[in-house]
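Topology and contacts: notes
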Protein chains: 2
Amino acid sequence: MARVHNFNAGPAALPLAALERAQRELLDFEGTGMSIIEHSHRGKAFEGVHDEALSLFRELLAIPDDYHVLFLQGGASHQFAMVPLNLLPPGKSADYVLTGGWSEKAYEEAGRIGTVRVAATTAEGKRYTRIPRQNELSLDPSAAYVHITTNNTLFGTQWHDVPVAGDVPLVADMSSDFLWRPIDVRRYALIYAGAQKNIGPSGVTVVVARKDLVENSRKDIPKIFQYRTHAENNSLYNTPPTFAIYLMRNVLAVAKELGGLPEIERKNRAKAGLLYGTLDELSGFYRAPVERESRSVMNVVFRLPTEELEKRFVAEAAKQGMVGLAGHRVTGGIRVSLYNAVELASVEALVRFMKDFAKQSG
Amino acid sequence: MARVHNFNAGPAALPLAALERAQRELLDFEGTGMSIIEHSHRGKAFEGVHDEALSLFRELLAIPDDYHVLFLQGGASHQFAMVPLNLLPPGKSADYVLTGGWSEKAYEEAGRIGTVRVAATTAEGKRYTRIPRQNELSLDPSAAYVHITTNNTLFGTQWHDVPVAGDVPLVADMSSDFLWRPIDVRRYALIYAGAQKNIGPSGVTVVVARKDLVENSRKDIPKIFQYRTHAENNSLYNTPPTFAIYLMRNVLAVAKELGGLPEIERKNRAKAGLLYGTLDELSGFYRAPVERESRSVMNVVFRLPTEELEKRFVAEAAKQGMVGLAGHRVTGGIRVSLYNAVELASVEALVRFMKDFAKQSG
Ligand SMILES: Cc1ncc(COP(=O)(O)O)c(C=O)c1O
Ligand SMILES: Cc1ncc(COP(=O)(O)O)c(C=O)c1O
Ligand SMILES: [Mg+2]
Ligand SMILES: [Mg+2]
Ligand SMILES: [Mg+2]
Ligand SMILES: [Mg+2]
């Protein structure tokens with residue numbers, strides 16, 4: 001079968017070239033007579049891959065030297081706990097901005113560990129359709145940190161301006177928009193992202209953290225949960241998920257070859273522009289619930305007139321080789337994830353289908 | 001290049017058939033037009049793989065219904081913390097039996113979380129050469145649990161009899177000998193193992209735990225660290241390491257096809273028998289420091305007359321396509337890991353080399 005148009009929300013489409021490279025060398029990595037999966041994490045072969053992945057991150061994102069780049073396990077949900085364990089000492093409080101299901105989960109987990117505060121929420125009932133304005137944030141100037149979710153995977157909203165948090169360290173869950181464009185890393189104290197949307201397979205989580213923050217983080221927690229432990233051991237304190245790091249390296253190498261993040265941003269904006277343009281054009285049939293200024297470039301959500309039509313939409317699209325379009329089970333509707341590896345041609349196919357479907361059913 | 005003889009301690013050799021299957025379908029999983037890596041963890045394709053991996057474990061190990069099988073992230077080192085977080089409430093103490101570097105690490109991590117006690121240690125200085133006898137264990141009958149390391153990867157010792165712990169739950173780190181033979185799961189309350197030695201790639205950890213133990217475990221810890229969370233969600237609370245689980249499934253399917261654990265045990269005993277036999281035969285040159293009754297079937301350690309000869313041994317073996325023979329950095333010497341996927345033919349090649357090397361250098 002030909003490759004489908006994969007609009008999955010994560011795990012998600014990966015660049016074909018990154019997968020082909022993995023397939024080619026899966027049984028024999030660089031003439032070593034074994035798979036990269038069978039190599040020791042302390043040997044030269046894997047070390048080369050690991051170091052290349054780290055330096056590709058530094059290069060693509062222009063990460064300053066006073067930031068660590070860490071490869072961890074456990075997913076972003078694990079960071080929901082690791083962030084407060086490391087950064088939220090007794091007697092301090094942390095600010096959370098609630099913009100979707102994942103920021104709620106991050107807030108709840110932190111609340112099991114320390115004192116947390118809601119600095120803002122845009123919830124209306126159980127739904128979110130926008131990012132708060134700066135003047136809606138009630139920030140505690142003595143907070144241990146402020147936590148935001150830069151892209152809300154379920155609700156299709158995205159921060160387009162970095163909030164100003166003064167001297168309070170800004171912590172960002174970038175799981176679903178990491179590396180979608182260049183950013184100024186210095187605006188953040190700590191960034192974390194599960195790899196399985198824009199940058200690789202599930203099973204590895206990337207953390208970018210200011211060194212002084214890590215240095216001053218808590219020591220009275222289990223060693224494996226301390227950022228310090230992983231920073232001091234170049235993310236090799238214990239056995240890393242070697243294949244996940246290897247495949248992430250392949251994805252980053254492709255990103256660099258394509259022209260890096262400026263070119264990736266251009267492609268992502270073209271894809272999202274085409275899809276939102278179509279939604280606006282066909283707004284008599286499709287309804288995009290997200291406030292215009294908060295629209296996500298990564299996850300585009302919309303509704304059809306009835307749930308029955310939504311089901312038919314998903315089923316007919318699947319027949320035409322377009323998969324991953326059903327919205328999250330808590331939101332319903334349609335969700336189109338447009339991560340870096342989704343090609344413009346896939347969005348063009350989807351848009352053609354949407355026009356036909358609206359005409360037939362409208 | 002032909003496949004080398006891979007004696008790595010972990011990540012380690014995998015069955016060629018499991019890797020070939022992965023290679024064959026890496027770009028197109030079962031005609032779905034995408035890689036298993038690109039499939040949603042909530043979709044039918046991955047669900048089938050996940051459930052098959054779970055049921056292969058149950059079948060191969062004859063795991064009773066009143067035990068959970070969980071797939072987690074973070075490695076065995078993560079379990080060093082999760083075990084006491086879940087099972088060691090304030091006011092209770094846990095017993096640790098120290099038989100090597102990994103049990104020391106497990107003990108130290110647990111000590112950061114609660115009260116721990118050494119129930120026995122066979123350390124002589126910084127070395128371990130044997131497993132304690134039952135009558136050497138000073139067990140606390142009111143302990144929350146007793147922790148053992150069934151195979152000591154660094155020092156090449158292995159428990160051949162399960163210790164009797166009375167009513168106290170027995171917790172076992174089986175990272176380096178999980179599935180090497182059939183076991184009576186009922187003797188254990190909780191088993192954990194990183195996959196990267198006998199059963200798969202790094203990046204996934206298997207936990208087998210008695211359901212009542214999980215039910216009564218602590219609730220006042222972060223949700224992501226609770227066994228309960230993963231048990232209640234069939235290990236899909238958050239995004240699992242999908243490719244690692246997929247490849248583990250491939251390895252388990254091969255194990256079943258080969259005749260299951262009885263046949264695997266027979267092969268493992270033949271490999272270890274040949275190697276230890278050679279060491280005993282050539283004991284004028286090679287020195288096997290481990291007490292005979294404690295010899296590991298998985299990791300065989302030995303010394304040569306000088307460190308210089310050891311270096312030459314490793315280098316010349318590598319030239320003949322035998323890799324992974326250098327002992328762990330804390331122990332030195334030679335270590336031969338004979339995990340399930342290592343073929344008897346590899347051990348035969350090694351033994352021939354050892355005889356030649358001893359003749360030339362002895
Ligand atoms: C923004 C965001 N944060 C956190 C998560 C949870 O990630 P994981 O499943 O890796 O724990 C997700 C998963 O979709 C996400 O989209
Ligand atoms: C017996 C044993 N326990 C624990 C570990 C640590 O495992 P991980 O690196 O997956 O944390 C190892 C690794 O070699 C091991 O052999
Ligand atoms: Mg969200
Ligand atoms: Mg999601
Ligand atoms: Mg050990
Ligand atoms: Mg080891």
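Residues numbered from 1 in each chain as written. Chains lettered and ligands numbered in written order. Predicted model: local features only at pLDDT ≥ 70, side-chain atom pairs only at ≥ 80, totals over all residues. Heavy atoms only, no water.

Filter applied, for reference: UniProt positions are given in the numbering used here, feature names are shortened, and annotations may be inferred rather than shown by experiment.
For chain A, an unreviewed UniProt entry supplies the name Phosphoserine aminotransferase and the organism Polyangium fumosum. Its UniProt record gives chain A a comment under Sequence similarities (unreviewed entry), which states: "Belongs to the class-V pyridoxal-phosphate-dependent aminotransferase family. SerC subfamily."

**A closer look at the relation of the copies chain B and chain A**
Threshold: Copy-to-copy superposition: least squares on the C-alpha atoms, limited to residues that have pLDDT of at least 70 in both copies. Residues are treated as being in contact if the distance between any of their heavy atoms lies within 4.5 Å.
When chain B is fitted onto chain A, the two copies agree to an RMSD of 0.0 Å after a turn of 180° and an axial shift of 0.0 Å. Here the symmetry operator amounts to a two-fold rotation axis. Of the residues that chain B buries at the interface, 100% are likewise interface residues in chain A, meaning the two copies contact each other through the same surface.

**Notes on the site of ligand 2**
Cut-off, in case you're wondering: Think of it this way: one heavy atom of a residue within 4 Å of a molecule or strand is enough to make that residue near it. Nitrogen and oxygen atoms within 3.5 Å of one another constitute a polar contact, given that in protein one can donate a hydrogen and the other can accept it, and given that sequence-neighbouring residues count only through two side-chain atoms. Note on areas: Shrake-Rupley with a 1.4 Å probe; residue coverage comes only from the protein chains shown.
In the vicinity of ligand 2 lie 15 residues, with T239 of chain A together with S77, T153, D173 and K197 of chain B positioned nearest. Flanking ligand 2 are residues from chains A and B. Between ligand 2 and the protein, one listed contact pairs an oxygen atom with a side-chain N or O atom of T239 of chain A at 2.5 Å. Within the side chain of W102 of chain B, a nitrogen or oxygen atom sits 3.4 Å from an oxygen atom of ligand 2. Relative to its unbound accessible surface of 400 Å², ligand 2 loses 96% to contact with the protein.

**Regarding the site of ligand 1**
In plain terms, the rule: Residues are grouped as follows: Ala, Val, Leu, Ile, Met, Phe, Trp, Tyr, Cys and Pro are nonpolar; Asp, Glu, Lys and Arg are charged; all remaining types, including Gly, are polar.
Taken together, 15 residues lie around ligand 1, and S77, T153, D173 and K197 of chain A together with T239 of chain B are the ones closest in. With respect to ligand 1, its neighbouring residues span chains A and B. Take K197 of chain A: an N or O atom from its side chain is 2.7 Å from an oxygen atom of ligand 1. A distance of 2.8 Å separates an oxygen atom of ligand 1 from a polar atom in the side chain of N238 of chain B. Bound to the protein, ligand 1 loses 96% of the 400 Å² it would expose on its own. Residue composition of the shell around ligand 1, grouped by class: three nonpolar, ten polar and two charged.

**Some words on the sheet that holds strand 3 (residues 93-98) of chain B**
Residue and element names in this part refer to chain B. Inclusion rule: At least two bridges found by DSSP between two strands is the condition for calling them paired. The helix count covers DSSP runs of H or I at least four residues long, the strand count covers runs of E at least two residues long, and both are numbered beginning at the N terminus. An axis is simply a line fitted to the C-alpha atoms; with a helix, the fit covers only the stretch in contact. Between two such axes, the angle follows the N-to-C directions and lies from 0 to 180 degrees.
Spatially, the seven strands line up as an open sheet ordered 2-12-11-10-7-3-4, and their pairing is mixed. Pairing within the sheet leaves two strands with one partner each, and these edge strands are strand 2 (67-72) and strand 4 (115-121). Strand-to-strand, the axes of this sheet are offset by a mean angle of 20°, without reference to chain direction. Judged from the three bridges that link them, strand 10 (residues 170-173) and strand 11 (residues 190-194) form a sheet pairing that is parallel. Bridging across to strand 11, A172 finds its partner in I191. Where helix 2 (residues 44-61) meets the sheet, its contacts fall on strand 2 and strand 12 (205-210), and the angle it forms with strand 2 comes to roughly 130°. In this fold helix 3 (residues 75-87) packs onto strand 2, strand 3, strand 10, strand 11 and strand 12, with an angle of close to 155° to the strand it touches most, strand 11.

**Regarding the interface of chain B and chain A**
Worth spelling out the cut-off: Here the quantity called buried area is the total loss of accessible area, with a 1.4 Å probe, experienced by two parts when brought into contact, counted for both. We define a salt bridge as a contact between a side-chain nitrogen of Lys or Arg and a carboxyl oxygen of Asp or Glu at a distance within 4 Å.
Taken together, the 61 residues of chain B in the interface contact 61 residues of chain A. Across the chain B/chain A interface, buried area totals approximately 4,700 Å², and carbon plus sulfur atoms make up 59% of it. The largest contributions to the chain B side of the interface with chain A come from Q23, L27 and E38 of chain B, which together make up 14% of the buried area. Put simply, chain B and chain A have two salt bridges between them. Along the contact surface separating chain B from chain A lie 26 residue pairs in polar contact (both at pLDDT 80 or more). At the level of secondary structure, the elements contributing two or more residues to the side of chain B that touches chain A comprise helix 1 (16-24), helix 3, helix 4 (101-111) and helix 7 (242-257) of chain B. Among the elements that take part in the side of chain B that touches chain A, helix 1 of chain B stands out by supplying six residues, more than any other. Split by residue class, the side of chain B that touches chain A holds 28 nonpolar, 22 polar and eleven charged.

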